[in-house]
Amino acid sequence: MKPRDRLRIAMQKSGRLTEPALDLLNRCGLTFRQSRDKLFCFGEGEPVDLLLVRDDDIPGLIAQGVCDLGIVGRNVLSEYQYTAGQGGPELAEWRPLGFGRCRLSIAVPQEMAYDEAAQLQGRRIATSYPGLLGQWLRERGLDAGVVTLAGSVEIAPRLGTADAICDLVQSGGTLVANQLREVEVLLESEAVLAGPQSLPTDERGDMIDLLLKRLDGVIQVRESRLLLLQPSRHALDAVIRLLPGGPQPTLLPVAGQPDQLMLQALCAGEVSWRQLEEIKKAGAREMFVLPVEKMLA
Ligand code: ATP
Ligand code: ZN
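Residues numbered from 1 in each chain as written. Chains lettered and ligands numbered in written order. Predicted model: local features only at pLDDT ≥ 70, side-chain atom pairs only at ≥ 80, totals over all residues. Heavy atoms only, no water.

1. Some details on the domain arrangement of the chain
Then step 1. If you check the domain split of the chain, you get domain 1 (3–99 + 191–221), domain 2 (102–189) and domain 3 (224–291).
Then step 2. A straight line from the C-alpha centre of domain 1 to that of domain 2 covers 30 Å.
Then step 3. Contacts between the two partners involve nine residues from domain 1 and, on the opposite side, 11 residues from domain 2.
Then step 4. Summing both sides of the interface, domain 1 and domain 2 together bury roughly 780 Å²; the carbon and sulfur share of this comes to 56%.
Then step 5. Among the residues of domain 1 in contact with domain 2, Asn 75, Glu 79 and Tyr 82 are the three that bury the most area, contributing 66% of the side total.
Then step 6. Inspection of the domain 1/domain 2 interface yields zero salt bridges. (Domains from an automatic or database assignment. Contact = heavy atoms within 4.5 Å. Buried area = accessible area lost by both parts, 1.4 Å probe. Salt bridge = Lys/Arg side-chain N within 4 Å of Asp/Glu carboxyl O.)

Structure, rendered in structure tokens:
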């Protein structure tokens, strides 16, 4: 087989991760022509194509070398390593991507007493994550029945097919609606860029390197704000002390106003109204908080 000279990234075809993953790739300068069947999307500018699949298939596609990278939940990646991927090549989490956040948790019926994990001994737990749950139980020396279900795990206790569940939780609304309460968190999850442990040594490796650099820039920028304000000279130290973290601010003179300065600072996160009000009180005016579009340090 002729080695591929284009990079191939697998992502979820339709689901929670689809929009944010595409948006992230677009921000990295990757655009795609969507084909009719929407399984394969040809990359227009860079030699990077997309494969749109069910999220559960992504780790396997990377392990088999069908795709070079994948955007998938940490929950799916870890579960694969404990089940279908056992004995196969180790996959690596190259970057956390900051969306699709959720946790894999054990929940019990609201009326069930629960103080410690030992109370799960001998119980039946319904889950779509038998690998992760099995590992968690083993680590605690617990022997519980793992009932593997493909979906609708949360109704298992009411149906009498399980005593507890182990499922993904985001806000907890689904649990409350099913009279369940969360008692243990097994895994904090978010979407990650997954790939093989070591990068290919050909041009695809160089492309991955470039993509990782752009990704780092995009992720950093997504949270960054540019703060512009005018402190009076005598209040400068007090104002600088109140600035949210980031590199040294830049100072410029203001034409015709010798007592005023223009200050520009890059902040690592959101700047709240309260922070702005405090900075103003310390002696600044004309304050602006701007989103950052691109950054190349
Ligand atoms: P398919 O298998 O068809 O690709 P799916 O039903 O398995 O889709 P989604 O429900 O779209 O997948 O979830 C995809 C990922 O989104 C999950 O694996 C998880 O990482 C993340 N996620 C974030 N919040 C939640 C949540 N509340 N419930 C389920 N998944 C969530
Ligand atoms: Zn799935």
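Picking up after the structure, the text goes on.
2. Focus on a negative patch on the surface
Then step 1. On the surface, a cluster of negative charge is contributed by Asp 5, Glu 203, Asp 206 and Asp 209.
Then step 2. Note on placement: Glu 203 falls in helix α7 (residues 203–223). (Patch = residues over 30% accessible without salt bridge, like charges linked within 9 Å, V, L, I, M, F, W, Y side chains within 5 Å. Areas by Shrake-Rupley, 256 points an atom, 1.4 Å probe, with all protein chains shown as cover. Lys, Arg positive; Asp, Glu negative; His and termini not counted. Charge placed at Lys NZ, Arg CZ, Asp CG, Glu CD. Helix = DSSP H or I, 4+ residues; strand = E, 2+ residues; numbered from the N terminus.)

3. As for the site of ligand 1
Then step 1. Close to ligand 1 lie 15 residues, the nearest being Gln 12, Arg 16, Arg 54, Asp 56 and Asn 75.
Then step 2. The separation between an oxygen atom of ligand 1 and a polar side-chain atom of Asp 55 is 2.9 Å.
Then step 3. Side-chain polar atom of Asp 56 to an oxygen atom of ligand 1: 2.8 Å apart, as the coordinates give it.
Then step 4. Starting from 630 Å² of accessible surface for ligand 1 in isolation, the protein chains cover 76%. (Near = heavy atom within 4 Å. Polar contact = N/O pair within 3.5 Å; in protein donor to acceptor, adjacent residues only side chain to side chain.)

4. Observations concerning the packing of helix α3 (residues 74–82) against helix α4 (residues 130–139)
What describes two packed helices is the angle between their axes and the distance between those same axes.
Then step 1. Following both chains from N to C, one finds α3 and α4 inclined at 70°, their axes separated by 7 Å at the closest point. By the criterion of interaxial angle, the relationship of α3 to α4 is roughly perpendicular. For the pair α3 and α4, the contacting residues are Asn 75, Ser 78, Glu 79 and Tyr 82 in the first and Pro 130, Gly 131, Leu 132 and Gln 135 in the second.
Then step 2. Taken together, the residues of the contact of α3 with α4 break down into three nonpolar, four polar and one charged. (Axes fitted to C-alpha atoms, helices over the stretch in contact; angles between N-to-C directions. Parallel < 35°, antiparallel > 145°, perpendicular 65-115°, else oblique. Nonpolar A, V, L, I, M, F, W, Y, C, P; charged D, E, K, R; others polar.)

5. Digging into the pattern of salt bridges
Then step 1. By the definition in use, this model includes 16 salt bridges.
Then step 2. The salt bridge involving Glu 190 is made with Arg 101; its shortest N-O contact spans 3.5 Å. Taken together, the positions of Glu 190 in the loop between β11 (180–189) and β12 (191–196) and Arg 101 in the loop between β6 (91–96) and β7 (102–109) put the pair 89 residues apart, joining distant regions of the chain.
Then step 3. Glu 190 gets classed as buried once you look at its relative accessible area, which sits at 11%.
Then step 4. Given the relative accessible area of 49%, Arg 101 is considered partly exposed.
Then step 5. With a closest N to O distance of 3.1 Å, Arg 225 and Glu 270 form a salt bridge. One end of the pair, Arg 225, is in strand β13 (residues 225–231); the other, Glu 270, is in the loop between β15 (261–267) and α9 (273–281), with 45 residues separating them in the sequence.
Then step 6. The class for Glu 270 is exposed, based on a relative accessible area of 55%.
Then step 7. Each of Arg 74, Glu 93, Arg 101 and Glu 190 takes part in a single network of salt bridges with overlapping partners. (Buried < 20%, exposed > 50% of the residue type's maximum accessible area, 1.4 Å probe, protein only.)

6. A few points about the sheet that holds strand β2 (residues 32–34)
Then step 1. Reading across the sheet, the seven strands line up as β2-β3-β4-β1-β5-β12-β6 and stay open at both edges, with mixed pairing between neighbours. Every other strand in the sheet has two partners, leaving β2 and β6 as the edge strands with one partner each. The average undirected angle you get between the axes of adjacent strands in this sheet is 30°.
Then step 2. Here β2 pairs with strand β3 (residues 40–43) via three bridges, running antiparallel. (Pairing = 2+ DSSP bridges.)

7. Focus on unusual backbone geometry
Then step 1. Even without a glycine there, the phi angle at Gln 179 is positive, about 55°.
Then step 2. Structurally, Gln 179 can be placed in the loop between α6 (173–177) and β11.
Then step 3. In this model, Glu 286 sits at a positive phi of 50°, which is unusual for a non-glycine residue.
Then step 4. Here Glu 286 is to be found in strand β16 (residues 284–291).
Then step 5. Judged by relative accessible area, which is 47%, Glu 286 ranks as partly exposed.

8. Digging into the sheet that holds strand β14 (residues 250–253)
Then step 1. Spatially, four strands are ordered β14-β15-β13-β16 in an open sheet, and the strand pairing comes out antiparallel. Edge positions in the sheet fall to β14 and β16, since each has one partner strand and no second. Here the average twist between neighbouring strands, direction ignored, is 15°.
Then step 2. Pairing geometry for β13 and β16, over six bridges, is antiparallel. Counterpart to Leu 226 in the pairing with β16 is Leu 290.

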